[in-house]
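Working through the structure, step by step
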Amino acid sequence: MTRAEYYKRLWKIFRAYKGRKAKLDYMPVRLWIEPTSVCNLRCVMCPNKDLTKAQKGFMDFDLFKKIINEAKGFVSDVHLLHRGESLLHPRFFDMVRYAHEAGIVTRFHTNGTLLDEDKARRLIEAGLDQFAFSFDGMDKETYESIRVNADFETTVRNITRFLEIKKELGSKKPVTFIELIRFPEVFKKYDAAAQKAFLERFKGLPLDHLHIKELHNWAGDAGQAPPKTSYSPCTFLWHALIIFWDGAVLPCTQDFFGSYTLGSVKDSTIREIWNNEKMVRLREKILARDVADLETCSQCDRLWRRQVLGIPREYLGRALRKSMN
């Protein structure tokens, strides 16, 4: 999809969203596909550690190909992650390559603990477009208290070596971020000097951006309930779908435990699910602010975030930049 085509699609999405349409005459522009729900860390803010054994698994590669084959005609980009650490999947690099060769922009996040030199080279060679190291805390004590089971120096070394390899290969891609969550208590001790000192570790290396994002409550599965001041319908329902490792399709990334499953790509197509009865009804309820009986939506802070043009500000900026961050 060209940049012009992408922005044309965004305009169509915007009109449908603002026009309060529940049945849409276009397909999603973005997918989240979960290679695995398994993770090697137990981060304090992440509900992953509460997944049951039955909820943990790895996507079959043939199922992944089915999804990409269906999506390549209309999806602009795919996030190859959701609840787990994608580098644990034995065919993750094949997934990146398959989506890349289908002409879809590929993205993912990693905690960076498993990204050794071999994986770093394979990631670049597979054609990944953009990714972020999820890295919370600019010092050892803070980082290891949040990213439980990770080692600060090992992860920093993995990030540094990846950037060195990217530089050695003269590769502009993947566009590389380090992403931190703005934990209020943590950021009280990080002034501009502390941030500068942390970034000095990567001086002269092709780190494209340090991104600090707001903490969210995983729709009630973590953190506190949102202050209910200014409501706006969830934009996910108008532009994206999330697919778990087992093929279950969800309307939003915040539905961590799959409380509102729309169907499965094992026995339906993406096109069929996008406007099926459950999805249309959900859009109608979100538009009507009728969320009290929706386990996920009723507790989600994303419905109450700051807005621009009636759209949550962070999503609008992300969409316009065609960025994961």
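What comes next is a walk through the structure. (Residues numbered from 1 in each chain as written. Predicted model: local features only at pLDDT ≥ 70, side-chain atom pairs only at ≥ 80, totals over all residues. Heavy atoms only, no water.)

For the rest of this paragraph, the subject is the overall build of the protein chain. Scanning the protein chain from terminus to terminus reveals twelve helices and eleven strands. By residue count, 55% of the 325 residues in the protein chain fall in the buried class. Contacts spanning at least 24 positions in sequence make up 72% of the contacts within the protein chain whose residues lie at least 6 apart. With an accessible surface of roughly 14700 Å², the protein chain has 51% of that area assigned to carbon and sulfur atoms. (Helix = DSSP H or I, 4+ residues; strand = E, 2+ residues; numbered from the N terminus. Buried < 20%, exposed > 50% of the residue type's maximum accessible area, 1.4 Å probe, protein only. Contact = heavy atoms within 4.5 Å. Areas by Shrake-Rupley, 256 points an atom, 1.4 Å probe, with all protein chains shown as cover.)

To continue, consider the environment of G258. Along the chain, G258 turns up in the loop between β8 (248-250) and β9 (263-264). For G258 and A248, which are ten residues apart along the polypeptide, the C-alpha to C-alpha distance reads 8.1 Å. With residues near it in sequence (within four places) discarded, G258 still touches F244 and L250.

Remark: helix α2 (residues 61-71) packs on helix α3 (residues 92-101), axes separated minimally by 10 Å, with the N-to-C direction vectors making an angle of 20°. For the element pair α2 / α3, the angle class is roughly parallel. In terms of crossing hand, the pair formed by α2 and α3 is right-handed. Counting all contacts with α2, which are made through F61, F64, K65, I68 and N69, the residues of α3 involved are D94, M95, Y98 and A99. Class assignment of the residues belonging to the contact of α2 with α3 gives a composition of six nonpolar, one polar and two charged. (Axes fitted to C-alpha atoms, helices over the stretch in contact; angles between N-to-C directions. Parallel < 35°, antiparallel > 145°, perpendicular 65-115°, else oblique. Left-handed = near helix turned anticlockwise from the far one by under 90°. Nonpolar A, V, L, I, M, F, W, Y, C, P; charged D, E, K, R; others polar.)

Within strand β5 (residues 175-182), six of the eight residues are buried, which leaves the element mostly enclosed by the surrounding structure. Two strands pair when backbone bridges link them, and strand β4 (residues 130-134) and β5 are joined in this way by five bridges, in the parallel orientation. Across the sheet, the residue bridging to Q130 is V175, located in β5. (Pairing = 2+ DSSP bridges.)

Glycine aside, residues mostly have negative phi angles, and peptide bonds mostly take the trans form. Here K173 and P174 are connected by a cis peptide whose omega angle stands at 0°. Within the secondary structure, P174 sits in the loop between α6 (152-169) and β5. In this model, R20 sits at a positive phi of 60°, which is unusual for a non-glycine residue. Here R20 lies in the loop between α1 (3-18) and β1 (30-33). The partly exposed category is assigned to R20, whose relative accessible area is 49%. The backbone of R289 shows a phi angle near 60°, a positive value even though the residue is not glycine. In this fold, R289 is placed in the loop between α11 (277-287) and β10 (307-308).

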